[in-house]
Structures are given as structure tokens and as C-alpha cells.
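Here are the chains, one letter per residue:
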Amino acid sequence: MRELSTKQKILRFMANNTVPLLFVVIIAFGVPLSGYSPTYLAGEVISRISRNTFLIVSLLIPILAGMGLNFGMTLGAMAGQIGLIFTTDWGIVGIPGILLAMIVSTPLSILLGWWCGKILNMAKGREMVTSYIIGFFMNGIYQLVVLYGMGPLIKIISPNLLLPRGYGIRNTVNLIGIRKSLDNFLMIRIGGVPIPVGTFLVIALLSVFILWFKKTKLGQDMRAVGQDMEVARAAGIRVEYTRIMSIIISTVLAGYGMIIYLHNIGTLNTYNSHMQIGMFSVAALLVGGATVASAKIRNVFLGVVLFHLMFIVSPMAGKRLIGQAQLGEYFRVFVSYGVITTSLVLYEVRKKRERGMSGLALAQDQEVTS
Amino acid sequence: MTKRQRTLLIRVGAIVLVFLFAVFLFHIGRQHTVLIDNNTVTRDGVELQALKLVEVQVGKKGEVLEMTPRIRDKAVVVGQRHTVKVVYTDASWNEHVHELSFRIPLMQNMVLISLPALMKNPEDVSFWLENFEGLPTAQSDAPQEEDVVFDELAGFDSF
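Numbering of residues starts from 1 in every chain and runs along the sequence as written. All chains are assigned letters beginning with A, and all ligands numbers beginning with 1, in the order in which they are written. Residue-level local features of this predicted model are given only where pLDDT is at least 70; pairs of side-chain atoms are given and counted only at 80 or more, and the full residue set underlies all totals for whole chains, interfaces and linings. Side-chain measures were taken over the full set of non-hydrogen atoms in the model, leaving aside hydrogen atoms and water.

Caption draft 1: The overall build of chain B, seen in detail. Secondary structure assignment for chain B yields three helices and ten strands. In chain B, the succession of helices and strands from N to C terminus is α-β-β-β-β-β-β-β-β-β-α-α-β. The buried share of chain B, taken over its 159 residues, is 35%. Should any heavy atoms of two residues lie within 4.5 Å, those residues are considered in contact. Considering only contacts in chain B between residues 6 or more positions apart, those separated by 24 or more positions represent 58%. Put simply, chain B shows about 10600 Å² of open surface, and 55% of that area lies on carbon and sulfur atoms. Each helix is a run of DSSP H or I of at least 4 residues and each strand a run of E of at least 2, with the numbering of both proceeding from the N terminus. Here the term buried applies to any residue with accessible area under 20% of the maximum for its type, exposed to any over 50%, and partly exposed to those in between, with areas from a 1.4 Å probe on protein chains only. Surface exposure here means Shrake-Rupley accessible area, sampled with a 1.4 Å probe, where a residue is shielded only by the protein chains that are shown.

What follows is the structure in C-alpha cells.
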């Protein structure tokens, strides 16, 4: 194989990292325009890393199993929210409250993940759009349960949680009892920037778990299934089971991630918090350079930093640029959807190009042999 | 024991362990409100006068509350077993210090400590500590209905 020139290497690097580079350019313009101090930006970015990373890491396992971006993580988010509603109702506070919410959410996440995995096995090749629609469908069930089931069917002790009519959970649930309890555990300050070491330790543990999991038998099976389902099946791997397991693990982790996310915010928006969480997590992962077929831990961290820097600076940059912060708000929505579209298009283009190149290489080989 | 039975046993054992851990978390993480009341009370037909000036601290790290007659304050605590320290100086300038421990029932949201009763009979916890169920909320002007908001982009700002 011929050696690539420096120019070709740079071009290939740029082609492989189009989305992150695009974001670097946006941020390079946005940060000076916003006028925010480096300390403020560092504090905000660190806070958002601790808030969102766990959620985004939950997307890695289905990608490993070749199931693409799991928009069905919303199901886990709903399970996490139900866990939080119960622990708030029971009056469990602090880190025990977070852990208990995670325990409560786990069986729900497993059940929902198993169900979602079963459906995705029936929709092979269209997993992303199917999981996206499953999220919407499940949202209806969630609303039915939370709005009409909680109170008369599922006992809620605290009247503060119930709507004035006596059943259904209020629009917002105050999570003051657990707010930032994990973040404040082992909190240190470096140069005036608060670092939530406790949350970072949890994220580090999860990252180590993901790296370890990839080396286990199940992890290797997922990799094999992700590369070629038929070859994996021929090798004796239970393809359907492996795919379901990947979705279950992702859903459970998404539930935990949602609890960490909401504990940082301190308020549960009962009927809305989970709705766009899949979309933003996917967008952040793609901004970090991940694709539908490949994602690593480094993509998660790079994605969180770049995506959230854009989130932080865009309203102020918009205000300074044309005198309206609303522009930045629109820009954030536009970029979130746009980055997913761009990544999906780029992935397809790259796949077609690689297929074309391998076809050409095969034709050349056949010419040589004949 | 077959491999299948052993796997099942391990799984059931893990579920039981997680359940026990959840029960433990419930016990150590349950929040309660302790109301500290310095009003004149009647116990066994005897009227106990409110204390003139008293310092109260619930828990070792709790805030020290200075209380005058007809004052009711609160302390928020986590867990079931707690201590209360009461420092009271009487009319003859004699300082009375009581450091007592008490237990809040697991499912009880609020308990009330009556300071005059505590000073009278500190040894008998049931004499000065009682469960408090809260008063019925007053009729307010707040609407009886609350619109439920479904907004697809509601979580956007916090993300």
C-alpha cells in the first residue's frame, strides 16, 4: 500500500473529523464574541461534564453491538424519573436518595430495555428510527401512568407531589433533598473553579467499566455482532440475545445518567425532562467525532466539552452580534438537529466511498490475476 | 448442584442483597422534621410554663436555636436516632443542661419536642416527644386545577 503524503493525511484527518472541527471553528468565533471569562467558561463546562457525561456514555454499548445511536435511551430516562418521584415521595435525601432512585429505576429499565430490544430485533437495519419512535410511544404510557396512575393506583404519600385534583404528579418536582449531593461530595476548588470530584469518580468508574466490558465475552460478542450479524451467528453467538443485552445495559445506564443529570439541576420537570434527552445526548456524542458505527470514551468527553461550550456561548454571542439572545437559542436548536443530520449524511457518504474503493481494489486484483 | 442451579442461586442472592441494601438506604436516608416547641403545655392535668430563654441544638452538628416563649422552630434531620441538647438558665441563674437521645419512627414525617415538658421530665421521652401529623392546610386562593405542561423543548435550557 502506498504511503500517504502529508497533505493527504491532513485531508483525511479533516474528512474523518468534520463535525468536531466545525464545532472548534464555531467556538473559536463564539467564545471571544460572548465575552465570558475563562474561569466562568471552565466552571460551566465542568458542571456540564459532570451533569451529562453519564447519559452520553450509555450510548456506547449499542453502537458496539451495531445497533447505532440508541434514541430509546429516553426509556431509561423515564425509569430514572420514576425512581426519583418515589424517593422524593418517601423523603429519602442525599446520596442514599440517589442510590435508592437508581435501585428503583433498575427493574423498570431492564423491563423497558428488554422490550425495546425485542422490537429492535424485529426491525434490524432500522434500529435508530425505530428506537426514536419507541421513545415517543413510551412517553405516552409514561404520561398515562404518572398523570392518572399515581395517586389512585400507585400510592403517593406526599400531597405536595400530587396535582390539586388529588391524583397525578405535579409539573415540577423539587429535588432539593438530593440536589448536588453527589457533586458536593468531595468538592474541591481549583483557581476558583469548583470540581465535583465525587461525580467525576462515578464517571471514571463507568468509563473503566465500559473499557473492561468491551474485553469480556459479552463485549466481544457484541463487537462481532456489530461487525457482521451473519458471521457472528455462524460462529455460534446468540445474536438476538446479545443485541437485547446491549439495549438493556444502555437503558439501565441511561436511567442512572438521568438521575445524575436531574440531581445536578435540582428540579424534575415531570412531563418534559426526558423528552429531548436522547436527541441532545446523541448530538453531543456525534460532535465528539463518533459515528453511527464507532464511538469511544474520548468522543464522549470531547463531545460534551465542544457541544456545551457552544451551548453556553451562543446566546450571549447572538446578543452581542445582533442584539438578540434569542438568535443564540435558535442557533442551539438548529445546531443540535443539524449536527445529527450532518453526521448521518457524512457516515453514509463515507460508507459508500469505502464500498466504491473496495470495489475498485477488487476489480484491479481481478485484472492482475486474469 | 448443577451449573444452572448455581447461576440461579447467585442471581437470587444478588437480588436479595440489592433489596437489603435498598432497605438500608431507606433507613439511613429518610428525612424527618423535628419541631421544637416552647409553648405552655398541659401534661397530666398540670400546666407547664414556657421557658424564658433556652438554647436548643438537634444533632451534634445542628444549628443552635435560641428560643423565647411562644416560639416554635424546626430542625430537619436525616435518619432515626438523634440527640437534642437543651441549655436553660432559670430565674436563679442556675444553668440546666440536658443532652438526650430520641428515636423517630421510620415512617413519621414530623415529630414535636415540647421544651417545657422536656425540662419537667427529661428521662421519659414519651412525655416530651410526640408524633406530629401537621395541620390541615388553609383554604388558599390558589387554583384548584393546575395545567399540565407538555413542551418538547422544555429540557433544552438545562441541558
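Next comes the rest of the description.
Caption draft 2: Spatial organisation of the sheet that holds strand S6 (residues 71-78) of chain B. All names here are of chain B. Across the sheet, four strands lie side by side as S6-S1-S9-S10; this open sheet has mixed pairing. For this open sheet the edge positions go to S6 and strand S10 (129-132), each flanked by a neighbour on one side alone. The average undirected angle you get between the axes of adjacent strands in this sheet is 30 degrees. For two strands to be treated as a pair, DSSP must find at least two bridges joining them. Bridge count for strand S1 (residues 31-38) against S6 is eight bridges, and the pairing is antiparallel. Paired with Asp37 across the strands is Arg72, a residue of S6. Lines are fitted to the C-alpha atoms to define the axes, a helix being fitted only along its stretch in contact, and any angle between axes, read from their N-to-C directions, falls within 0 to 180 degrees.

Caption draft 3: Looking closely at helix H7 (residues 127-149) of chain A. Residues and elements named next belong to chain A. Counted at 1.5 Å a residue, the expected span for H7 with its 23 residues is 33 Å, and the 30 Å between its end C-alpha atoms agrees. Every buried residue belonging to H7 is among Glu127, Thr130, Ser131, Ile134, Gly135, Met138, Asn139, Tyr142, Gln143, Val146, Leu147 and Gly149, and all of these are buried. Gly151 lies just past H7 and shows a positive phi near 125 degrees. Here the expected length of a helix is defined as 1.5 Å per residue gap, with one fewer gap than residues.

Caption draft 4: Examining the interface of chain B and chain A more closely. Listed as interface residues are 28 residues of chain B and, on the opposing side, 38 residues of chain A. By definition, the buried area sums, over both parts, the 1.4 Å-probe accessible area that each loses when the two are put together. In total, chain B and chain A occlude about 2900 Å² of area from one another, counting both sides; carbon and sulfur atoms represent 65% of this. Should a side-chain nitrogen of Lys or Arg be within 4 Å of a carboxyl oxygen of Asp or Glu, the pair is scored as a salt bridge. On inspection of chain B and its partner chain A, the count reaches zero salt bridges. Looking at the side of chain B that touches chain A residue by residue, the class counts come to 16 nonpolar, five polar and seven charged. Residues are sorted three ways: Asp, Glu, Lys and Arg are charged, Ala, Val, Leu, Ile, Met, Phe, Trp, Tyr, Cys and Pro are nonpolar, and all the rest, Gly among them, are polar.

Caption draft 5: Main features of the environment of B:Val56. Residues and elements named next belong to chain B. Structurally, Val56 can be placed in strand S4 (residues 54-58). Given a relative accessible area of 1%, Val56 falls into the buried group. Residues in contact with Val56, not counting those within four places in the same chain, are Ile36, Glu63, Val64, Leu65, Met67, Val84, Lys85, Val86 and Leu115.

Caption draft 6: Highlighting helix H3 (residues 38-57) of chain A. Residues and elements named next belong to chain A. In this model, H3 (20 residues) spans 27 Å end to end at C-alpha, consistent with the 28 Å of a helix rising 1.5 Å per residue. What the bend at a residue measures is the angle between two axes, fitted to the seven residues ending there and to the seven starting there. Its axis deflected by about 35 degrees at Arg51, H3 carries its strongest bend there. Buried residues dominate H3, accounting for 15 of its 20 residues.

Caption draft 7: Looking closely at the packing of helix H6 (residues 94-122) of chain A against helix H12 (residues 239-265) of chain A. All names here are of chain A. Here H6 crosses H12 at 145 degrees, and the two axes come no closer than 7 Å. The hand of the H6/H12 crossing is right-handed. Looking at the contact of H6 with H12, its residues break down into 14 nonpolar, nine polar and three charged. In this scheme the crossing of two helices becomes right-handed for a clockwise turn of the near helix relative to the far one and left-handed for an anticlockwise turn of less than a right angle.

Caption draft 8: How the structure looks around the sheet that holds strand S8 (residues 95-103) of chain B. Residues and elements named next belong to chain B. Reading across from one edge, S5-S4-S7-S8 is the order of the four strands in this open sheet, with antiparallel pairing throughout. Strands at the two margins of the open sheet, each flanked by one partner only, are strand S5 (64-67) and S8. Each adjacent strand pair in this sheet contributes to an overall mean axis angle of 20 degrees, direction not counted. Where S4 meets strand S7 (residues 81-89), five bridges bridge the pair, whose relative direction is antiparallel. Note on S7: the bridge partner recorded for Val54 is Tyr88.

Caption draft 9: Fine view of the confidence of the model for chain B. For chain B, per-residue confidence averages 87 on the pLDDT scale, and residues scoring 70 or more make up 87% of the total. The pLDDT score gives, residue by residue, the confidence of the prediction method on a 0 to 100 scale. Of all helices and strands in chain B, the one with the weakest mean pLDDT is strand S2 (residues 41-43) of chain B (91), whereas helix H1 (residues 3-29) of chain B scores best (96).

Caption draft 10: Just the pattern of salt bridges, in detail. Residues and elements named next belong to chain A. A full pass over the atoms with the stated rule returns ten salt bridges over all chains. Taking the shortest distance from any N to any O, the salt bridge between Glu348 and Lys351 comes out at 3.8 Å. Of the two residues, Glu348 and Lys351 are both situated in helix H15 (residues 325-369); the distance of three residues between them amounts to about one turn of the helix. Classification of Glu348 by relative accessible area gives partly exposed; the value is 38%. Lys351 gets classed as partly exposed once you look at its relative accessible area, which sits at 30%. Each of Lys124, Glu230, Arg233 and Glu240 takes part in one network of salt bridges that share partners.

Caption draft 11: The arrangement of unusual backbone geometry in detail. Even without glycine at this site, A:Leu186 takes up a positive phi of about 65 degrees. Relative to the elements of secondary structure, A:Leu186 occurs in the loop between helix H8 (181-184) and strand S2 (187-190). The phi angle at B:Asp44 is positive, at roughly 55 degrees, despite the residue not being glycine. Considering the arrangement of structural elements, one finds B:Asp44 in the loop between S2 and strand S3 (46-48). B:Asp44 sits in the exposed class, given a relative accessible area of 72%.

Caption draft 12: Structural context of the packing of helix H2 (residues 18-34) of chain A against H15(A). Residues and elements named next belong to chain A. It is at 10 Å that the axes of H2 and H15 come closest, and there the two elements cross at 155 degrees. As the angle between them shows, H2 and H15 are arranged roughly antiparallel. Listed contacts from H15 to Thr18, Val19, Phe23 and Ile26 of H2 are Phe331, Val335, Val339, Ser343 and Leu346. Tallied by class, the residues present in the contact of H2 with H15 amount to seven nonpolar, two polar and no charged. To sort the angles, those under 35 degrees are grouped as roughly parallel, those over 145 as roughly antiparallel, those from 65 to 115 as roughly perpendicular, and the leftovers as oblique.

Caption draft 13: Structural detail: the nonpolar core. Judged by nonpolar contacts, the single largest core of 95 residues is most densely connected at A:Phe23, A:Ile169 and A:Leu285. With near-sequence residues (within four places) excluded, A:Leu285 lies in contact with A:Ile56, A:Leu59, A:Leu60, A:Ile63, A:Leu69, A:Ala290, A:Ala295, A:Asn299 and A:Val300. Among the nonpolar cores identified, the runner-up in size contains 27 residues, and B:Val34, B:Val58, B:Leu65 and B:Ile104 belong to it. Here the nonpolar core consists of buried residues drawn from Ala, Val, Leu, Ile, Met, Phe, Trp, Tyr and Cys, with membership extended through side-chain atoms lying within 4.5 Å.

Caption draft 14: View of a nonpolar patch on the surface. Residues and elements named next belong to chain B. A patch consists of residues exposed above 30% relative accessible area that lack any salt bridge, with like charges linked at up to 9 Å and nonpolar side chains (Val, Leu, Ile, Met, Phe, Trp, Tyr) linked at up to 5 Å. A contiguous nonpolar patch, built from Leu8, Val12, Val16, Leu17, Phe19, Leu20 and Val23 and spanning about 680 Å² of accessible area, is present on the exposed surface. Structurally, the position occupied by Phe19 is in helix H1. Note on Phe19: relative accessible area 56%, which makes it exposed.

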